[in-house]
Amino acid sequence: MDPKLVKELDEEPFLGMCIEDTTSLDEVEGRSACTNCCKSRKYFCYTCYIPVAELQDRIPTLKLPIKVDIIKHKHEIDGKSTAVHGAILAPNDVKIYTYPDIPDYSEKENIYLIYPSVSAKDVASLFRTDLDISNMSLDEKPKHNRTLMIESLDSNRANNDICDLDELPIERAVFIDSTWNQSRGIYKDERIKRLPCLVIQNRASQFWRHQKGSPRWYLSTIEAIHQFVLEIHLNMWGVDPYYEGPYCDGFRDIKRRNSKSDIRPYCGQYDNLLFFFTHMYKKIHSIYKHDQLLAYKRRLR
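Residues numbered from 1 in each chain as written. Predicted model: local features only at pLDDT ≥ 70, side-chain atom pairs only at ≥ 80, totals over all residues. Heavy atoms only, no water.

Engineer: Got a minute to help me understand the packing of aromatic side chains in this structure?
Structural biologist: The geometry of an aromatic ring pair comes down to the distance between the two centres and the angle between the two planes. Under the counting rule described, the total for this entry stands at eleven aromatic pairs. For the pair F44 and F276, a centre-to-centre distance of 4.8 Å together with 65 degrees between the ring planes defines the contact as edge-to-face. One end of the pair, F44, is in strand 3 (residues 44-45); the other, F276, is in helix 7 (residues 275-287), with 232 residues separating them in the sequence. Across this residue pair, the class does not change: F44 and F276 are buried. Taking 5.2 Å as the distance between ring centres and 90 degrees as the angle between the ring planes, the aromatic pair formed by Y243 and Y266 counts as edge-to-face. With Y243 in the loop between helix 6 (221-237) and helix 7 and Y266 in the loop between helix 6 and helix 7, this residue pair connects regions lying 23 residues apart in the sequence. Assigned by exposure class, Y243 and Y266 land together as buried. Through pairs of rings, three or more aromatic residues link up here, namely F14, F207, W208, F277 and Y281. Across from the ring centre of Y46, 4.0 Å away, lies the NZ or CZ of R41, which sits over that ring. The ring of Y247 carries R203 above its face, with NZ or CZ at 4.0 Å from the centroid. (Phe/Tyr/Trp six-rings, centres within 6.5 Å; stacked < 30°, edge-to-face > 60°. Helix = DSSP H or I, 4+ residues; strand = E, 2+ residues; numbered from the N terminus. Buried < 20%, exposed > 50% of the residue type's maximum accessible area, 1.4 Å probe, protein only. Lys NZ or Arg CZ within 6 Å of the ring centre and 35° of its normal.)

Engineer: Just to check I follow, could you spell out the nonpolar core for this structure?
Structural biologist: The tendency in soluble globular proteins is for nonpolar side chains to be buried as a group. In this structure, I170, F228 and F276 are the most contacted members of the largest nonpolar core, which totals 64 residues. Among the elements of the structure, strand 5 (67-72), helix 3 (83-89), strand 6 (94-98), strand 7 (111-114), strand 10 (172-177), strand 11 (197-201), helix 6 and helix 7 are those that each provide at least two residues to this core. Element by element, the count of residues in this core is highest for helix 6, at ten residues. Listed in part, the 15 residues of the second largest apolar core include Y115, I186, Y187 and C197. (Core = buried A, V, L, I, M, F, W, Y, C linked by side-chain atoms within 4.5 Å.)

Engineer: Could you clarify how one ought to interpret the environment of S40 in this entry?
Structural biologist: Mapped onto the elements, S40 comes out in strand 2 (residues 40-41). Residue classification places S40 among the partly exposed positions, given a relative accessible area of 39%. Separated by twelve residues in sequence, S40 and V52 place their C-alpha atoms 9.4 Å apart. Residues contacting S40, with those up to four places away along its chain left out, are R31 and S32. (Contact = heavy atoms within 4.5 Å.)

Engineer: Sorry, what's going on with empty space enclosed by the protein here?
Structural biologist: Overall, the coordinates contain three cavities of 30 Å³ or more when judged by the stated rule. In this structure, the largest cavity is lined by Y46, Y49, K72, D78, S81, A83, V84, I96 and D177. Looking at the lining of the largest cavity residue by residue, the classes come out as five nonpolar, one polar and three charged. (1 Å grid on protein atoms, 1.4 Å probe; cavity = no way out; pocket = protein on both sides within 12 Å on 5 of 7 lines; lining within 4 Å. Points joined across faces, edges and corners; volume = space filled by probe spheres on them. Nonpolar A, V, L, I, M, F, W, Y, C, P; charged D, E, K, R; others polar.)

Engineer: What's the story with unusual backbone geometry in this structure? I'm lost.
Structural biologist: Across the chain, the bulk of peptide bonds are trans and the bulk of non-glycine residues have phi less than zero. The linkage connecting Y99 with the following residue, P100, adopts the cis geometry, with an omega of 15 degrees. The backbone of C38 shows a phi angle near 70 degrees, a positive value even though the residue is not glycine. On the secondary structure map, C38 appears in the loop between strand 1 (32-33) and strand 2.

Engineer: In this structure, what is going on with the side chain of S183? I would like to understand it.
Structural biologist: Turning to its location among the elements, S183 is positioned in helix 4 (residues 180-187). Under the relative-accessibility criterion, S183 is labelled buried at 5%. Not counting residues within four places of it along the chain, the set of residues in contact with S183 comprises Y115, I176 and S178.

Engineer: I would appreciate a short explanation of the confidence of the model for the protein in the present structure.
Structural biologist: Do not read the fine detail of predicted coordinates wherever pLDDT is low. Across the protein, the average pLDDT comes to 86, with 86% of residues at 70 or higher. Confidence over residues 131-147 falls short of pLDDT 50; this stretch has 44 contacts with residues more than four positions distant or in other chains. Scored below 50 in pLDDT, residues 150-162 shows 30 contacts in the model against residues more than four places distant or in partner chains. (pLDDT = per-residue confidence, 0-100.)

Engineer: Would you mind showing me how to read the pattern of salt bridges here?
Structural biologist: Opposite charge on two side chains makes pairing possible when the charged atoms of those side chains draw close. With the rule as written, the count across this model stands at seven salt bridges. A salt bridge links R58 to E27, with the shortest nitrogen-to-oxygen separation between them at 2.6 Å. Remark: E27 occurs in the loop between helix 2 (23-26) and strand 1 and R58 occurs in the loop between strand 4 (50-51) and strand 5; sequence separation between them is 31 residues. In this structure R58 comes out as partly exposed when scored by relative accessible area, which is 36%. A salt bridge links R191 to D189; its shortest N-O distance comes to 2.9 Å. Judged by its relative accessible area of 15%, D189 is buried. Put simply, K63, K67 and D93 are held in one network by salt bridges that share partners. (Salt bridge = Lys/Arg side-chain N within 4 Å of Asp/Glu carboxyl O.)

Okay, structure coming up:
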């Protein structure tokens with residue numbers, strides 16, 4: 001990642017994105033009991049995956065283009081994980097499971113694990129017809145890092161050979177919510193390891209919690225989900241020329257693959273996945289300066 005570009009993005013990381021105003025969260029005074037389990041919560045219950053009563057009908061809900069399963073490590077602290085944001089903001093599409101209690105994926109198709117295995121492919125490979133990379137591993141691909149992300153979208157990868165797809169080539173994405181070391185343990189489970197893997201593009205994380213030894217492109221779970229569904233949409237339906245959010249520059253020339261669909265090119269449809277994330281980001285930055293936080297001092301290369 002270019003340090004200069006990252007520094008510019010850090011000044012206003014959510015500029016141009018279509019994220020609803022979070023004033024309703026600022027108006028919450030104190031904590032209240034979850035309407036389901038009665039435990040004391042601030043904005044939402046991170047065990048029941050519902051907002052507190054005061055915020056019901058006051059937060060956005062989203063419809064995602066695919067289903068998302070999050071496999072959470074049992075030692076991941078619920079109150080600190082961003083995975084719950086997805087389950088609350090897209091309740092019909094995002095489900096959270098605590099390992100080892102996970103679904104059986106053995107007889108289902110078009111399910112992908114977002115994980116940097118040696119055979120992982122990039123998201124664009126699901127849509128491309130001009131290059132056969134069915135047997136190409138990450139080691140054979142240009143510009144990659146061994147994380148969930150590949151380094152960048154090749155600007156020379158002209159997207160002229162467009163197939164008119166009737167439906168998305170993926171139905172469900174599986175994410176692992178844990179530290180990097182914990183994720184490797186979960187990946188060894190044959191129920192998970194048999195899934196084909198995908199990686200997303202590099203993106204500088206805006207997550208404020210520091211993970212020792214990790215580079216800046218290690219995203220929080222909700223950032224990774226946002227990046228993934230963004231790439232799915234961009235590769236299938238392109239981007240609205242008037243949308244000014246970040247992370248779309250490499251997709252400006254992509255043509256629609258489903259000309260019969262009434263789904264609009266990307267204009268921020270999934271940006272509200274970062275609704276709680278941006279609010280908490282602003283609260284943290286109202287207390288600490290950006291450059292003082294160790295999370296933003298991690299290496300970029």
